[in-house]
Each structure stands twice: as structure tokens, then as C-alpha cells.
Amino acid sequence: AIETVNTEVLTDAGYSIDRLSSNVASVRIEGSRRVIANFNENNLAVKLDFYGINVSRINEEEPITVNLSAVTEFGDILSFTPSAVDVYVSKTNEKKIDVEVNKTGSLNEGYREGDIALSAPQITLSGTSENLSNVSRAEVSVDLSSVSAENYETGEFTASSGITLYDQSNKPLTERDVRWINMDHSEIDITCPIYKVKTVPVSVIYDSGVSGTYNVSPSQITVYGPYDAIDAIESLSTETVYSDSFNNRGEAEVNLVIPPGIETDGAITEVEVSANSN
């Protein structure tokens, strides 16, 4: 494969590579049988070097012809084909794209993840308009099964992820597909809160003027939040219910008293108290 070097000569002039007339080169080498037997493409560097090209002559109508060079520490290079490559360029464009999170695995029973925060919720891509048009979305991955015991205790999980770009058919773009696309971030830091989950009964607080027996719905609430705060909760209390809180059907909507930092499943903030008909 051909390696491009000093491409900043193009980008500084406001151009990006659209394509090459050839992406590979064929090289003939000479050496001992042992050298040839152990030779592979990793022992060879074929470079397309943009250093020193005349940027004032760059345009989108005609390709730039750039000479190749080949270097190896194994044997002697006899020849390589092609000796030069036509480089097609276009003006550099930018495309901003939101970063999505792909969650895999799951937390231990009794825990749930909070809203994941990204160090860069949006990235900027740069390249030719044709290459950028192939990109539909960007994604990072987080494996919740890799959360450690310490993460559960601290209530937070952090990780870093590389960015995967997807095409219009929702297929991941290969390294070759994104060869001429630059991203302003190579990886993104991920922060995920970890909450303890617990189901507790609802405790209705009645004023002394309320008599009789009553039902409460729901009678249990699932809450989640920091480990220590959830561990300290045995029940959720309501605001005080007074005799005039009830309507003519003997029903009352009563707010829950939810401690700071605690959330309820389904964002429940009130319960219904009704007179027992039995």
C-alpha cells in the first residue's frame, strides 16, 4: 500500500485528497534466499511525499503528479511500478456530526446507568465534499460489563473510545474508506454515572384530623441514585394529607417528598390516596 506523507502541504493550501490513480505499488527486490523468504510488505515503505510541491499550481481540474519512493532494509530494490501517482484533489469542506453512543453489556443487577456524557458530543470532519457525503453518522462504544467493583462504589465509570464512522447504509466505513477524511478527535472520553436501584414502600403522612383507613397507589416506588443515598432510604414519605385534601370521591393526589439527588422510576412525583371502601 502507498503511504502519503507531508499531506499538510495540501491541507494548508485548502485542498484535500479525493483519490489516487493507484493505491498500491509493485516492487521488485533482490537479495539472498533467506532475505527473500522472510520478506513481506511490512519490510517495505512506498511513500508518496508532497513535500516541495508547487501549491500555486494546484487546481481541481487537473491531477497533481507526484513521484513515489521505495525504501527497505531487506535486500536491494530493483524497480517499482508505478513510479509516480496522479493525485486528484478538491477544496476542503467541513461536516459537523453528532456522536452517538453504542452501549454493550449490562450492569450488575440492582444498578442502572445514568445519562452518558462525552468529552466531544459533536465532531468536525474535513475532506472533499464527495468523501464527506459518504458519512452518515459517528459512534463510540462503551462496554458496561467492564465496570469494576470500584466503579460501583464511586458511582462513576470512565473510558475512552475510538470513533467509528458509518455510511448511508449504516455500514461501518473501513480504514480505506476514511483514508482522506480528517477528524478533529481521534478518540472520545466517556463518563457514565452508575446508580443504585431500590424499591421502597410509600409512607403516607396523615394530619391528625384524618380518620379512617386509606389505600395508596402506587404503594411501592423504585428509586435510584448514588449508592450511599439509596442505601439510607427505607421508604418514601408523602407530604401531609389533610381532611380537605380529598375530593368528593374520597381521593387525593399527594406529592412525594423525594430527597435531593434521588430519582424515581418513571419520574413519579405523586401518589393517589383513596378512602378504603371496605
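Check the entry above for the structure.
The rules we used
- Residues numbered from 1 in each chain as written.
- Predicted model: local features only at pLDDT ≥ 70, side-chain atom pairs only at ≥ 80, totals over all residues.
- Heavy atoms only, no water.
- Pairing = 2+ DSSP bridges.
- Helix = DSSP H or I, 4+ residues; strand = E, 2+ residues; numbered from the N terminus.
- Salt bridge = Lys/Arg side-chain N within 4 Å of Asp/Glu carboxyl O.
- Buried < 20%, exposed > 50% of the residue type's maximum accessible area, 1.4 Å probe, protein only.
- Axes fitted to C-alpha atoms, helices over the stretch in contact; angles between N-to-C directions.

Peer 1: Where do I start with the pairing of strand 7 (residues 84–91) in this structure?
Peer 2: Every regular strand shows the same layout, with side chains that alternate between the two sheet faces. Note: strand 2 (residues 15–20) against strand 7, five bridges, orientation antiparallel. Bridging from a neighbouring strand, L20 pairs with V87 of strand 7. Where strand 5 (residues 64–72) and strand 7 come together, four bridges link them in antiparallel fashion. Directly across from T65, in strand 7, lies its bridge partner D86.

Peer 1: Where do I start with the pattern of salt bridges in this structure?
Peer 2: Pairing of side chains with opposite charge becomes possible as their charged atoms draw close. According to the stated counting rule, one finds six salt bridges in the structure shown. For D265, the salt bridge is made with R112, and the minimal N-O distance between the two is 3.4 Å. Of this pair, D265 sits in the loop between strand 21 (263–264) and strand 22 (270–275) while R112 sits in strand 9 (residues 111–113); the two residues are 153 residues apart in sequence, bridging distant segments of the chain. Exposure remark for D265: the relative accessible area of 35% places this residue in the partly exposed category.

Peer 1: I'm lost on the sheet that holds strand 20 (residues 251–255) in this one. Help?
Peer 2: Whether parallel or antiparallel, the strands of a sheet pair through hydrogen bonds between backbone atoms. Reading across the sheet, the three strands line up as 17-22-20 and stay open at both edges, with antiparallel pairing between neighbours. The sheet is open, and its two edges are formed by strand 17 (214–217) and strand 20, each paired on a single side. Strand-to-strand twist in this sheet, taken as the mean axis angle between neighbours without regard to direction, amounts to 25°. With five bridges connecting them, strand 20 and strand 22 associate as antiparallel partners. Bridge pairing in strand 22 links E253 to E272.

Peer 1: Can you help me understand the sheet that holds strand 14 (residues 164–166) in this one?
Peer 2: Overall, mixed pairing links the five strands, which are arranged 14-12-8-11-15 in an open sheet. Looking along the sheet, the strands with just one partner apiece sit at the ends: strand 14 and strand 15 (182–183).

Function cannot be read off these values alone, since they describe shape.
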